[in-house]
Amino acid sequence: MLGWCHKNVNIAHIVVKMSPELEKCPRSLLVCEKSNFLNEKSRHDIHVSKHNFNYKISVLIPECGILPANISRVLDSFSPCYLVRDLPVYELLGETFLESLVKKGNFYALSYNTKIDEENSIALLSSGQLILSLDKDTYEQLGLEGRPSLYNHRKDMRFVVTLDLTDKSLTPGTKRYQRVLSSLKDRLPLRYDFLFTKYNTGADEDQTLNKLLSPYSYEEHKPAVTHHTLKELPCPTLYPSDIQGKTLSCDPHHFLEWLGAVNLDISCENAADSFLSTYVCPEPQSSVSQALLCTVTGFISPENVFVLLRELRQYFDEPMLTPWVSLTVHGFMDSPVSWGATEHGFLKGGENFYNFVCFKNQDYWLHMATGAHDGCPP
């Protein structure tokens, strides 16, 4: 069951409340916001910055056949990520690591291939918050102060420990620092594969990171970029003023469903001879002669996303046939958090993503979606 709320930063905040019977069903939540990029109250940059852990970006540009050179250059400039094997968690508290990377910001770390609903999962936010989502046995053995997960059932079987590595009480040499380090190094030396990335890393920081990782097995990866042109694509009609789809546009749920079908290469024509899909593009609709779909996968920082969003806004600086472009950003399904430090759970899907629809006049729609085990996006 999908509930949703609509936000217009200048006008209204509407929440649709479900009946008690419907609330018993596993639900997802969709938050919709409409504003203009030039509006001083626009919060688009805040929303992007708070979604720390991104693994996939999709850009759809109707009436475009070739990836624009400016967008291609932005994608080529995306920061690489490092896959580090069997790294002890206590290394994230190393003095050099803290001073050279964590406290300078724009650094992200996430345990790799750890299932949030079954295993321990670790994340380091750019704010310097180290978040440990732990099962009950691990939590009790570590002895660190935490809180029960928001998504326990009848018994507390999962706990969350949050450590602010920029706090003075966790400065190397303090009693609290030594106690935390002892828990992670001596009492229970947790080790995981990790993904690291840092936005706009300088040469000195690159050398520091490589030196810190040198005792371990690690690989450097650039984000993978693919793009192709779609021909004669049925496309929903969208108008900037009608985000709820009451008169001129299709509604947000149907638009996102269509966008998902396009990304998965599912036909939207409901052809009579097709036995694979009966899906049809929502109304109102029109057909575009071509559309460019570009996909980026990797460990992508919010800063890289924001640079791409800024470039997409400039796409309309020259006359273009398309009235809008779309940017979708998917979060890791098994990350301990979704937006900011808000706890993230898996349940059945682990979805947490957002989508911008950017219009010629610099208006935009922002859709933010989470599953049943997440709080409402900001």
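All of the points below concern the structure found in this document. (Residues numbered from 1 in each chain as written. Predicted model: local features only at pLDDT ≥ 70, side-chain atom pairs only at ≥ 80, totals over all residues. Heavy atoms only, no water.)

Digging into the pattern of salt bridges
Just so we agree on the cut-off: Take a side-chain nitrogen of Lys or Arg and a carboxyl oxygen of Asp or Glu: if they are within 4 Å of each other, that pair is a salt bridge. Secondary structure counts use DSSP, requiring at least four H or I residues in a row for a helix and at least two E residues in a row for a strand, with both numbered from the N terminus.
Throughout the structure, instances matching the rule amount to five salt bridges. Notably, a salt bridge pairs Arg85 with Asp193, separated by 3.0 Å at the nearest N-O pair. Of this pair, Arg85 sits in strand S5 (residues 81–88) while Asp193 sits in strand S11 (residues 191–198), placing them 108 residues apart in sequence. Note that Glu99 is salt-bridged to Lys103, the shortest N-O span being 3.1 Å.

Some thoughts on the packing of aromatic side chains
Going by this rule: Centres within 6.5 Å are what make two rings of Phe, Tyr or Trp a pair, Trp counting through its six-membered ring; a difference in plane orientation under 30 degrees is then read as stacked, over 60 as edge-to-face, and the rest as tilted. Exposure classes here rest on a 1.4 Å probe applied to the protein chains alone. A residue is buried below 20% of its type maximum, exposed above 50%, and partly exposed in between.
Scanning all chains against the criterion turns up 20 aromatic pairs. On the basis of an interplanar angle of 85° and a centroid distance of 6.5 Å, the ring pair of Phe53 and Tyr108 is categorised as edge-to-face. Of this pair, Phe53 sits in the loop between helix H2 (44–50) and strand S4 (54–62) while Tyr108 sits in strand S6 (residues 107–111), and the two are 55 residues apart along the sequence. Using a relative accessible area of 1% as the deciding quantity, one classes Tyr108 as buried.

Notes on the nonpolar core
Nonpolar side chains in soluble globular proteins generally cluster together in the buried interior. As a reminder of what qualifies: Working definition of a nonpolar core: buried Ala, Val, Leu, Ile, Met, Phe, Trp, Tyr and Cys residues. They are joined through side-chain atoms within 4.5 Å. In what follows, a contact means two residues having at least one pair of non-hydrogen atoms within 4.5 Å.
In this structure, Leu92, Leu93, Leu130, Leu132, Leu165, Phe194 and Phe196 are the most contacted members of the largest nonpolar core, which totals 38 residues. If one sorts the elements of this core by residue count, helix H6 (residues 175–187) sits on top with four residues. When near neighbours in sequence (up to four residues on either side) are disregarded, Leu165 contacts Leu92, Leu93, Leu98, Val102, Lys103, Leu124, Gly128, Leu130 and Leu170. By size, the runner-up hydrophobic cluster in this structure holds 34 residues, among which are Leu67, Leu75, Val296 and Met368.

Some points on the sheet that holds strand S8 (residues 129–135)
In plain terms, the rule: Two strands pair if DSSP finds at least two bridges between them.
Spatially, S9-S10-S8-S7-S6-S11-S5-S12 is the arrangement adopted by the eight strands of the open sheet, whose pairing is antiparallel. Because the sheet does not close on itself, it has two edges, and the strands there are strand S9 (147–148) and strand S12 (218–221). The sheet contact formed by S5 and S12 spans four bridges and is antiparallel. Across the sheet, residue Leu83 finds its bridge partner in S12, namely Glu219.

These figures come from the coordinates and say nothing about function on their own.
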